[in-house]
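Examining the three-dimensional arrangement
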Amino acid sequence: QNFTVAVVTGINATDNEAVGGAAGNLAGGAFGGAFFGERSDVTLRQASASGNEARGGDGTEGYIGAGGAMMTTRTTVDLAQCEFVNNLASGGDGPSRKGSGGGGGGYFSRPDGTTTITISNSIIADNVVLLGTGGGTVGGGGGGVFLIGADLTMSHVTLATNRLGSSPLQGIAMVLVDGGATGSSVADIDHTIIADHTEYDGNVVAVHVQANSTANFDTGLFAGTDEDTNDDGTPPKGTINGLGSMWCAVSAGFLAPGTPYFDYHIIESSAAVVSGAGSIETVDFELQMRDGSPDFGADELGALPLFADGFESGDTSRWS
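What you are looking at is a predicted structure, and each value in this text was computed from that prediction instead of being measured. (Residues numbered from 1 in each chain as written. Predicted model: local features only at pLDDT ≥ 70, side-chain atom pairs only at ≥ 80, totals over all residues. Heavy atoms only, no water.)

Moving on: the sheet that holds strand β19 (residues 128-130). Ordered in space as β3-β9-β15-β19-β23, the five strands form an open sheet in which the pairing is parallel. Sheet topology places β3 (17-19) and β23 (163-164) at the edges, where each strand pairs with a single neighbour. Bridge analysis of β19 against β23 gives two bridges, and the strand direction is parallel. Following the sheet pairing, Val128 is matched in β23 by Arg163. (Pairing = 2+ DSSP bridges. Helix = DSSP H or I, 4+ residues; strand = E, 2+ residues; numbered from the N terminus.)

What follows concerns the environment of Arg55. Residue placement: Arg55 occurs in strand β9 (residues 53-55). Every residue in contact with Arg55, bar those within four places of it in the chain, is listed here: Ala18, Val19, Gly20, Ala30, Gly65, Ser90, Gly91, Gly92 and Asp93. Reaching out from Arg55, the side chain makes a polar contact with the side chain of Asp93 at a distance of 3.2 Å. (Contact = heavy atoms within 4.5 Å. Polar contact = N/O pair within 3.5 Å; in protein donor to acceptor, adjacent residues only side chain to side chain.)

A few words on the side chain of Thr158. Here Thr158 lies in strand β22 (residues 151-160). Classification of Thr158 as buried rests on a relative accessible area of 1%. Those residues in contact with Thr158 that lie beyond four places of it in its chain are Ser122, Ile123, Ile124, Ile193, Phe254, Tyr264, Gly297 and Ala298. (Buried < 20%, exposed > 50% of the residue type's maximum accessible area, 1.4 Å probe, protein only.)

Judged by pairing direction, the sheet is parallel, and its six strands sit side by side in the order β6-β12-β17-β21-β24-β26 without closing on themselves. What marks the edges here is a single partner per strand, and that holds for β6 (35-38) and β26 (207-209). Neighbour-to-neighbour, the strand axes of the sheet open up by a mean angle of 5°, direction not taken into account. Direction of pairing for strand β17 (residues 106-109) relative to strand β21 (residues 145-148): parallel, over a ladder of four bridges. When the bridges of β21 are listed, Gly106 appears paired with Val145. (Axes fitted to C-alpha atoms, helices over the stretch in contact; angles between N-to-C directions.)

What follows covers the packing of aromatic side chains. Scanning the entire structure with this criterion turns up five aromatic pairs. Ring geometry for Tyr107 against Phe146: centres 4.4 Å apart, planes inclined by 5°, an arrangement best described as stacked. One end of the pair, Tyr107, is in strand β17; the other, Phe146, is in strand β21, with 39 residues separating them in the sequence. For the ring pair Trp247 and Phe296, a centre distance of 5.8 Å and an interplane angle of 80° mean the geometry is edge-to-face. Separated by 49 residues along the polypeptide, Trp247 in strand β29 (residues 246-249) and Phe296 in the segment after β31 (263-266) bring together distant segments of the chain. A relative accessible area of 41% places Trp247 in the partly exposed class. (Phe/Tyr/Trp six-rings, centres within 6.5 Å; stacked < 30°, edge-to-face > 60°.)

Below, the discussion takes up the pattern of salt bridges. Overall, the coordinates contain eight salt bridges when judged by the stated rule. Arg39 is the partner of Glu38 in a salt bridge, and the nearest nitrogen-oxygen pair spans 3.0 Å. When its relative accessible area of 19% is taken as the criterion, Glu38 is described as buried. Of the charged contacts in the structure, one is a salt bridge between Glu61 and Arg97, with a shortest N-O distance of 3.9 Å. Note that Glu61 is positioned in strand β10 (residues 59-61) and Arg97 in the loop between β15 (88-90) and β16 (101-102), a separation of 36 residues in sequence. Among the residues examined, Arg97 registers a relative accessible area of 29% and is labelled partly exposed. If you follow the salt bridges from partner to partner, you end up with Glu38, Arg39 and Arg74 in one network. (Salt bridge = Lys/Arg side-chain N within 4 Å of Asp/Glu carboxyl O.)

Next comes the structure, spelled out in structure tokens:
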């Protein structure tokens with residue numbers, strides 16, 4: 001969509017493809033496996049995207065695949081109660097230069113310096129970014145989210161188990177890239193779970209903040225991650241604030257993460273079941289009411305259900 005205002009609720013986008021065209025020299029790009037917006041206002045509610053792919057075209061020089069689930073440029077984006085799970089962004093193949101990949105879940109750019117991205121009560125998990133095959137050295141990354149010159153507000157998001165294929169991709173969960181003349185990336189991240197981002201290289205971190213970009217953390221959970229951020233300056237970093245407010249745990253305590261269930265509900269023993277002081281969110285990703293001390297991430301544990309099985313025979317002697 002271009003030059004539009006779109007409000008979409010209850011959509012399920014599955015197994016779609018955006019594929020760049022082939023060319024003798026420079027191939028075409030692929031933008032947004034399920035959703036694409038340019039110079040627009042896009043609001044998604046209760047939307048899911050899974051199994052989608054953005055793959056750059058093959059040519060002498062392969063090109064970029066951006067936004068396995070969603071890509072936008074010059075677009076104001078508001079996502080809530082969304083699930084971007086198990087999508088792929090892959091560069092095209094090229095013997096002279098392989099294509100780059102960015103944003104397995106979402107790729108958000110702001111070349112005009114005017115738009116904002118808001119993501120709340122949503123799950124971005126199990127997305128993948130790959131480089132194409134061939135020659136040359138290209139960049140990319142952001143297994144879950146890729147920001148370039150964008151302002152992001154992220155609240156009560158579960159960002160988990162996203163992956164990168166190979167060096168020199170950056171930011172297993174998220175990468176913040178300086179947009180140059182159009183502005184740096186700024187992310188305000190609160191009450192969010194960033195979990196289970198482990199990778200091929202000790203220098204590849206979960207949240208990578210490039211020079212001139214800024215990440216502001218305000219209460220949340222890092223769990224099961226080799227390196228949380230590049231705050232130690234390896235690789236060189238931008239500004240990273242609020243790490244002292246983040247909780248750390250060995251495991252986030254998800255119900256059944258990863259294939260085949262992709263279930264990112266939290267369990268009773270989860271480290272995310274805490275007092276979420278300062279949160280203004282009133283519902284979780286399933287529109288379940290949050291209590292006065294909401295849990296971190298997209299899911300609110302709430303009251304545990306009582307489940308019993310085995311009454312089919314009519315024998316209740318074992319139950320009380």
